[in-house]
Amino acid sequence: MWNESEMLHYLQENLSDKRFRHSISVSETAVSLASKHGENIEKSRIAGLVHDCAKNMKSFELIKMASEHDIYIDEVFQNNPSILHGHVGSIIAREVMGIFDQDILNAIAYHTTGRRDMSLLEKIIYIADYIEPLRKISGIEEFRSLSYVDLDAAVIKSLENSIEYVISENQLLQLDTVGARNYLLIKNRR
Ligand SMILES: [Fe+2]
Ligand SMILES: [Fe+2]
């Protein structure tokens, strides 16, 4: 597996400045959520750092790489290839950076959409991406504190915000995102 400075170098070469700083910020936020919720610090740090490694790839490159790796390009991905950057990011993490921890790879793959039955690490990266301090969204402070108190509640809220946003933009809903919300709602009602 690449060491951290090799990963940083790749990110610096392949991401915009803003996206590079965001990656570091997500990594730091993931570490802090991990220490609160009892997840492995090192895994959280790496997953946070690498999660957006495919973010600046062009649509045709994302589609090409995803289909070469047997990722089914459904109508939602076809319509908005940019959301493939999670899946393609996990391919780069494995094949280029030599990261073979499946939980880290899943956290990268599903950070854009979420999915049913997310692991603790997947939830941490999903939320860290949303609450990292460089993000300026109204009401974010409340959301940050919720993430430390009740991670599932924060994930549900974030999924809902994302679903509402997609609808307001007249875009297609990603089924994994809907599945992620359904799953957590049922689980937390029990
Ligand atoms: Fe992303
Ligand atoms: Fe991100």
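Note that residues are indexed from 1 along each chain, following the sequence as it is written. Key to labels: chains lettered from A, ligands numbered from 1, both in the order written. Totals for whole chains, interfaces and linings use every residue, but because this is a predicted model, local features are given only for residues with pLDDT of at least 70 and side-chain atom pairs only at 80 or more, for both listing and counting. Working from all heavy atoms in the structure, the side-chain values ignore hydrogens and water.

1. Re the nonpolar core
Applicable threshold: In these notes, a set of buried Ala, Val, Leu, Ile, Met, Phe, Trp, Tyr and Cys residues joined through side-chain atoms within 4.5 Å is what counts as a nonpolar core. To sort residues, take the accessible area from a 1.4 Å probe on protein chains only and compare it with the maximum for the residue type: under 20% means buried, over 50% means exposed, and anything in between is partly exposed. Helix and strand definitions follow DSSP, with helices as H or I runs of at least four residues and strands as E runs of at least two, each counted in order from the N terminus. Between two residues, a contact is recorded if the distance between any of their heavy atoms is within 4.5 Å.
Core analysis: the biggest nonpolar cluster contains 52 residues, and V50, I92, M97, I99, I127 and V155 have the highest contact counts within it. By residue number, the principal contributor to this core is helix 8 (residues 120-131), which donates eight residues. Ignoring any residue separated from it by four or fewer positions in sequence, one finds I127 in contact with L33, F143, S147, L151, A154, V155 and S158.

2. Some words on the coordination of the iron ion (ligand 1)
Let me state the cut-off plainly: Coordinating N, O and S atoms are those within 2.8 Å of the metal (3.2 Å for Na, K and Ca), and as water is not part of the atoms, a site may appear to have fewer donors than expected.
Each protein donor to the iron ion (ligand 1) is listed here as D52 (OD), H85 (NE2) and H111 (NE2); together their distances run 2.1 to 2.2 Å. In the primary sequence, the donor residues of the iron ion (ligand 1) line up as D-x32-H-x25-H. A distance of 3.5 Å spans the gap from the iron ion (ligand 1) to the iron ion (ligand 2), which D52 bridges by coordinating each metal. Here D52 is found in the loop between helix 3 (41-50) and helix 4 (59-68), whereas its partner H85 is found in helix 6 (residues 85-95), with 33 residues between them in sequence. Note on accessibility: D52 and H85 belong to one class, buried.

3. A closer look at the environment of S59
Looking at the element boundaries, S59 is found in helix 4. As a C-alpha pair, S59 and H85 span 26 residues in sequence and 9.1 Å in three-dimensional space.

4. Concerning the coordination of the iron ion (ligand 2)
Convention followed: Between 85 and 135 degrees for all angles marks four donors as tetrahedral; over 155 degrees for opposite donors together with 65 to 115 for all other angles marks four donors as square planar and six as octahedral; every other arrangement is irregular.
Surrounding the iron ion (ligand 2) are the protein donor atoms H22 (NE2), H51 (NE2), D52 (OD) and D129 (OD), which sit 2.1 to 2.2 Å from the metal. Here the iron ion (ligand 2) binds four donor atoms, and the angle range of 82 to 174° at the metal identifies the geometry as irregular. Summarised as a motif, the one-chain spacing of the donors to the iron ion (ligand 2) is H-x28-H-D-x76-D.

5. Some points on helix 4
Quick note on the threshold: Think of the arc as the fan of directions from the helix axis to the C-beta atoms.
The set of residues buried in helix 4 consists of L62, M65 and A66. On an axial view of helix 4, the arc spanned by its buried residues comes to 100°, and they lie on one face. D70 sits one or two positions beyond helix 4 and adopts a positive phi of about 60°.

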